[in-house]
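# Chains, contacts and geometry: an overview
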Amino acid sequence: MLSISTEKLTISTDKSKASYPAFKQTGTANNNSTHSSSFESLLNMQIDGSSTVNHPKIATTGISESAPKEYRDRKLAQMEYEINHGQTEGMELTPNGYRPKAYSSESFFSCEGREMVKKVTDYFQTPAGQKEALMFAFPPVKAVVLDENNNVVAKFYVDDMTGIDPQYVTNASWDGKEGTLSTDDAISQLEKSSDFSVIKYGNSSKVTDFDLLKYEVARAKEQMSINPDFRATYNQQAKIMHPEMNAPVDDVLAFQELILAA
């Protein structure tokens with residue numbers, strides 16, 4: 001199957017970018033060259049990564065040092081993103097920088113607490129908020145499953161506990177939901193299938209749902225150039241593949257383009 005290097009990349013807090021290496025084709029029979037070219041183009045885009053050292057404006061993320069490094073880095077990167085976009089309602093500023101606010105149950109349900117929750121909810125329905133959800137709502141993507149038309153139909157995440165599979169093609173067991181196979185076993189089974197192709201990024205992946213959205217939107221436009229009616233089909237499929245996208249919009253593709261531009 002198609003695969004890429006899984007070497008870890010160190011991304012500094014100066015917002016440097018990193019390009020992922022190209023796919024290596026191993027000659028598996030059920031692959032085709034369009035998979036390689038499409039995803040090579042995606043992975044060679046410059047992708048935002050999480051920082052490995054503290055942002056100068058952050059005192060603490062509030063995450064224990066005993067937590068997995070990937071999770072701590074992701075929380076740090078999310079706080080950076082929110083600070084840079086002026087979304088600091090859930091933080092307090094200390095002499096050493098921002099830290100998450102500590103809420104008691106009483107203060108959380110106060111008028112001020114409810115107003116804060118409303119602001120956060122409203123924000124996550126904007127293109128910038130949806131972009132943040134795509135970048136941070138789930139762990140990085142470990143692998144994706146493509147159908148015969150090169151559409152993404154399922155996703156695995158590096159925590160090996162969650163995934164998105166609206167067509168139930170993987171038979172993976174995620175987070176207590178239906179399924180009998182582990183993530184790795186499901187990937188192995190799918191690699192043997194002639195109906196699907198698996199693109200693997202590995203356990204050290206920094207590819208996010210936002211990065212995959214670049215491919216999905218480009219692929220949708222490509223298909224619509226051949227068949228304009230595909231837009232309606234894509235609008236239905238895209239919301240299923242992106243449960244974190246909760247904004248009430250009719251034209252999903254148009255809104256996704258706003259997310260990419262945010």
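Before reading on, note that the structure itself is shown above.
Residues numbered from 1 in each chain as written. Predicted model: local features only at pLDDT ≥ 70, side-chain atom pairs only at ≥ 80, totals over all residues. Heavy atoms only, no water.

## Details of the pairing of strand β6 (residues 152-157)
Rules: Burial classes follow relative accessibility: with a 1.4 Å probe on protein chains only, a residue under 20% of its type's maximum area counts as buried, one over 50% as exposed, and anything between as partly exposed. Counting from the N terminus, the helices are the DSSP runs of H or I reaching at least four residues and the strands are the DSSP runs of E reaching at least two. Any two strands are treated as partners once DSSP identifies two or more bridges connecting them.
Among the 6 residues in β6, 6 count as buried, and that is most of the element. Relative to β6, strand β5 (residues 141-146) is paired through 5 bridges, and the arrangement is antiparallel. Paired with V145 across the two strands is A154, which belongs to β6. A loop of 5 residues connects β5 with β6, the two strands running antiparallel in sequence, and N150 in this loop sits at a positive phi of about 70°. In this structure, β6 lies alongside strand β7 (residues 163-164), joined through 2 bridges in antiparallel fashion. Each bridged residue has a counterpart across the sheet, and for F156 the counterpart in β7 is G163. Linkage of β6 to β7, two consecutive antiparallel strands, is achieved through a turn of 5 residues, within which D160 is found at a positive phi near 60°.

## A few points about helix α2 (residues 69-84)
Short version of the rule: For a helix, the expected span equals 1.5 Å multiplied by the number of residues minus one. Contacts are residue-level and defined by heavy atoms, with any inter-residue pair within 4.5 Å sufficient.
For α2, with 16 residues, the first-to-last C-alpha span of 22 Å sits near the 22 Å given by 1.5 Å per residue. Looking only at α2, the buried set comprises D73, R74, L76, A77, Q78, M79, E80, Y81, E82 and I83. As for α2, its buried residues are in contact with β3 (91-94), β4 (97-100), α4 (111-123) and α5 (127-136). The positive-phi residue at the C-terminal boundary of α2 is G86, with phi of around 70°.

## Concerning the packing of helix α7 (residues 209-226) against helix α8 (residues 230-241)
The test is simple: An axis is simply a line fitted to the C-alpha atoms; with a helix, the fit covers only the stretch in contact. Between two such axes, the angle follows the N-to-C directions and lies from 0 to 180 degrees. Roughly parallel means an angle under 35 degrees; roughly antiparallel means over 145; roughly perpendicular covers 65 to 115; every other angle is labelled oblique. Take the far helix as your reference; a near helix turned counterclockwise from it by less than a right angle gives a left-handed crossing, and one turned clockwise gives a right-handed crossing. By the convention adopted, Pro, Cys, Tyr, Trp, Phe, Met, Ile, Leu, Val and Ala count as nonpolar, Lys, Arg, Asp and Glu as charged, and the other residues, Gly among them, as polar.
As a packed pair, α7 and α8 sit with axes 9 Å apart at the nearest point and diverge in direction by 155°. As the angle between them shows, α7 and α8 are arranged roughly antiparallel. Remark: the crossing between α7 and α8 carries right-handed chirality. Between α7 and α8, the residues in contact are L213, E216, V217, A220, Q223 and M224 and F230, R231 and Y234, respectively. A breakdown of the residues in the contact of α7 with α8 according to their chemical character gives 6 nonpolar, 1 polar and 2 charged.

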